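Architecture and fold: a report
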Amino acid sequence: MRPEDNQTLTQVGPGTPMGGMMRRYWVPAALSSELPDADCSPIRVRLLGEDLVAFRDSERRLGLVEEFCAHRRASLYFGRNEEGGLRCSYHGWKYDVGGQCVDLPQQPSYAPKIAIRSYPCVEAGDVVWAYMGPPELRPDPPSVEWATIPAEGRYVSKWLQYSNYLQGIEGAIDSSHVSFLHRYEIEQNPLLKKTAATEFIKGDANPEFDIDHTSGGLIVYAKRRDRNGRAYYRITQMLMPWFSFPPPFGHHPLLCQAWVPCDDESCMVWSISYCTDRALTAEERAAMADGGGINVTYVPGTFIPIQNRSNNYLLDRAAQKAKKTFSGVVGLVAADVAIQESMGAIVDRSLEHLVHTDKAVAETRRMMLEAARNHAKGRTTPPGVSSESQRIRPGSLILPVEEDVREFLRKGQLRVGDQAVLSV
Ligand code: FES
Ligand SMILES: [Fe+2]
């Protein structure tokens, strides 16, 4: 990859091609639970290289405004959230959810002329989403399936990762690493175990990849074989610009992840487990809260995983030798984070050597680059903005090795990931 392409792919600040394109989508900004009540404490939110503060006013309206006061730039994180707005603690200037100054004690007539940057928000799926693009191009609210189902079927978590967003997405669509990095742990994880995945993932570490384009991204088929003439397909969906829907494991909940850039060198990883046809059980929720599935446990009071770069992710060499974990980093997510952060904040893609199992990675980069450049040229609506393109599911299935998976799906008129049929 040319260094300039790598830059275009990874830079997300205001005025960059990728940053401009990403501002055309609803951006996951905060958990609804971080802003539980009217006049609750404001929170800091860093998105696409911008420092922001989110709050809920006295009428429960959401505000997402630039962090720094228009007067002399004190942080509004230290502000007072009361009586319909956020008041700067330094000299008392007060802003409403739209960023308009509504009280300026020293010179009241000046207030109407003062406003700070603000972004509209919506709530869906226990998440506060922000729109940071041109107001006239604001899309319909998010339509990813997990954001539209009843709350009983959904569990949402997030953590801070110290890498560029793209390293995360690349990990998510690269089904081949599962046969190595996660080889021993899939069968132990309470939210993934006892499914067909285990034997196939261990049995065939050299999957064949195929790709289809969708209106919002890519479908990636990873085909593994066994000795009995069967093929196991893990079908991942990548939805622009940051979502991955990993293939399901049997009866366990469906999964979705999103790597949302805080800036070029860090991202918030959103992790959603959901069932479309039932409530999550108390056991499932407890396992998720305990870091099971694709969740983590936290350094108290933060969204930083307990296993993090400052402690080498609690690397356990004895467990690695004993084949309890491939990398020595215990836990599915912790291993992914360790590897993705180990490449450096922004991996130098000009130094890589790709092979056939990197097909989906290469195609994702090509698609993202093309979309960002097209958007920069003519503000064309990028893939994945429309509601229709977001209504997707992943899948996993077993077929006779000679059967064509696309033909099978077409014949049965199955949407990829029809959960009853396509999750083994
Ligand atoms: S810096 Fe905010 S009121 Fe003075
Ligand atoms: Fe992984």
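Sequence order as written defines residue numbering, which begins from 1 separately in each chain. Written order determines the labels here, with chains lettered from A and ligands numbered from 1. For a predicted model such as this one, the threshold for reporting local features is a pLDDT of at least 70, and the threshold for listing and counting side-chain atom pairs is 80 or more; totals across whole chains, interfaces and linings nevertheless cover every residue. Water and hydrogen atoms play no part in the side-chain values, which are based on all heavy atoms of the structure.

**Here's the deal with the packing of aromatic side chains**
- Two aromatic rings, drawn from Phe, Tyr or Trp (for Trp, its six-membered ring), form a pair once their centres lie within 6.5 Å of each other, and the interplanar angle then sorts them: stacked below 30 degrees, edge-to-face above 60, tilted otherwise. The tally for this structure, following the rule as stated, stands at 11 aromatic pairs.
- Ring geometry for F180 versus F326: centroids 5.9 Å apart, planes at 70°, classification edge-to-face. Highlighted residues: F180 in the loop between α3 (165-172) and α4 (197-203) and F326 in the loop between α6 (317-321) and α7 (332-342), separated in sequence by 146 residues.
- When its relative accessible area of 39% is taken as the criterion, F180 is described as partly exposed.
- Exposed residues in this analysis have more than 50% of their type's maximum accessible area, buried residues have under 20%, and partly exposed residues fall in between, with area computed by a 1.4 Å probe over protein chains only. We classify F326 as partly exposed; its relative accessible area is 35%.
- Measuring from ring centre to ring centre gives 5.8 Å for Y298 and F303, while their planes differ by 85°; the resulting arrangement is edge-to-face.
- Aromatic rings pair up to connect W129, W146, F243 and F245 into one cluster.
- A ring is considered to have a charge above it if a Lys NZ or an Arg CZ atom is located within 6 Å of its centre and within 35 degrees of its normal. For the cation-ring pair, R44 lies above Y77, with the distance from its terminal atom to the ring centre recorded as 4.1 Å. Secondary structure elements are taken from DSSP: a helix is a run of H or I of four residues or more, a strand is a run of E of two residues or more, and numbering for both begins at the N terminus.

**A short note on α7**
- With eight of its 11 residues buried, α7 lies for the most part within the structure.
- Within the span of α7, buried status applies to L332, V333, A334, A335, V337, A338, Q340 and E341.
- Every residue pair with non-hydrogen atoms within 4.5 Å of one another is taken to be in contact. The inward-facing, buried residues of α7 contact β11 (154-161), α3 and β16 (254-263).
- Backbone geometry just downstream of α7 places G344 in the positive-phi region, at approximately 95°.

**Here's the deal with the coordination of the iron ion (ligand 2)**
- Protein coordination at the iron ion (ligand 2): the donors are H177 (NE2), H182 (NE2), D336 (OD) and D336 (OD), at 2.0 to 2.5 Å from the metal.
- Because water is not among the atoms used, a metal site may look incomplete, as its donors are only the N, O and S atoms within 2.8 Å, or 3.2 Å for Na, K and Ca. Any site counts as irregular unless it has four donors with all angles between 85 and 135 degrees, making it tetrahedral, or four or six donors with opposite ones more than 155 degrees apart and the rest between 65 and 115, making it square planar or octahedral. Its four donor atoms give the iron ion (ligand 2) angles of 57 to 157° at the centre, a pattern that matches the irregular case.
- Between the donor residues of the iron ion (ligand 2), the gaps in sequence give the motif H-x4-H-x153-D. Of the two residues, H182 is situated in the loop between α3 and α4 and D336 in helix α7; the sequence distance between them amounts to 154 residues.
- Its relative accessible area of 4% is what places H182 among the buried residues.
- Owing to a relative accessible area of 21%, D336 belongs among the partly exposed residues under this scheme.

**So, the nonpolar core**
- Throughout this description, the term nonpolar core refers to a set of buried Ala, Val, Leu, Ile, Met, Phe, Trp, Tyr and Cys residues connected via side-chain atoms within 4.5 Å. One finds L47, W129, W146, Y165 and W242 to be the most contacted residues of the largest nonpolar core, which totals 96 residues.
- Formed jointly, this core draws a minimum of three residues from each of two domains, domain 1 (26-137) and domain 2 (145-411).
- In this structure, V53, V65, C69 and V97 belong to the second largest nonpolar core, which totals 15 residues. The source of the domain bounds is an automatic or database domain assignment.

**Focus: unusual backbone geometry**
- The omega torsion of the bond from M240 to P241 falls at 0°, within 30 degrees of zero and hence cis.
- Position of P241 relative to the elements: it lies in the loop between β14 (230-239) and β15 (243-245).
- A positive phi is found at L314, a non-glycine position, where the angle reads about 55°.
- With respect to the helices and strands, L314 occurs in the loop between α5 (282-289) and α6.
- Given the relative accessible area of 46%, L314 is considered partly exposed.

**Quick word on the pattern of salt bridges**
- Salt bridge criterion: a side-chain nitrogen from Lys or Arg within 4 Å of a carboxyl oxygen from Asp or Glu. Evaluated as defined, the whole model comprises 31 salt bridges.
- Residues D51 and R46 are paired through a salt bridge, measuring 3.0 Å at the closest nitrogen-oxygen approach.
- Among the ionic contacts, a cluster of salt bridges with common partners joins R23, E50, E66, R73 and R117.

**Considering α5**
- The complete set of buried residues in α5 reads E284, A287 and M288. Buried residues of α5, viewed axially, fall in a sector of 100°; they line one side. Those residues of α5 that are exposed and angled more than 90 degrees off the buried face are A282, E283 and A289.
- In this structure, the buried side of α5 is in contact with β11 and β17 (266-274). The arc under discussion is defined with respect to the helix axis, by the directions toward the C-beta atoms.

**Some details on the state of the cysteines**
- Counting rule for disulfides: a pair of cysteine sulfur atoms within 2.5 Å. Per the counting criterion, the structure on display carries zero disulfides.
- With no disulfide partner, C40 has as its closest neighbouring cysteine sulfur the one in C121, 12 Å distant.
- The exposure class of C40 is buried, given its relative accessible area of 11%.
- Free cysteine: C262, not disulfide-bonded; nearest cysteine sulfur from C267 at 6.7 Å.
- Residue C262 is classed as buried on the basis of its relative accessible area, which comes to 5%.

**Thoughts on the sheet that holds strand β10 (residues 127-131)**
- Across the sheet, three strands lie side by side as β1-β10-β9; this open sheet has antiparallel pairing. Looking at which strands have only one partner, the edges of the open sheet turn out to be β1 (26-31) and β9 (121-124). With strand direction ignored, the average angle separating the axes of adjacent strands in the sheet is 35°.
- Taken together, the five bridges between β1 and β10 define a ladder with antiparallel strand orientation. Within the sheet, the bridge partner assigned to A30 lies in β10 and is V128. Pairing between strands is defined by DSSP: at least two bridges between them are needed. Interaxial angles span 0 to 180 degrees and are taken between N-to-C directions of axes, which are lines fitted to C-alpha atoms, for helices over the stretch in contact.

**Overview of the pairing of strand β2 (residues 43-47)**
- Burial along β2 is one-sided: the residues I43, V45 and L47 are buried and none of R44 and R46 is.
- As defined by bridge partners, β2 adjoins strand β3 (residues 50-56) across five bridges and the pair is classed as antiparallel. From the neighbouring strand, R44 faces β3, where its bridge partner is V53.
- Taken together, β2 and the strand that follows it, β3, pair antiparallel across an intervening segment of two residues, in which L48 is found at a positive phi of about 45°.

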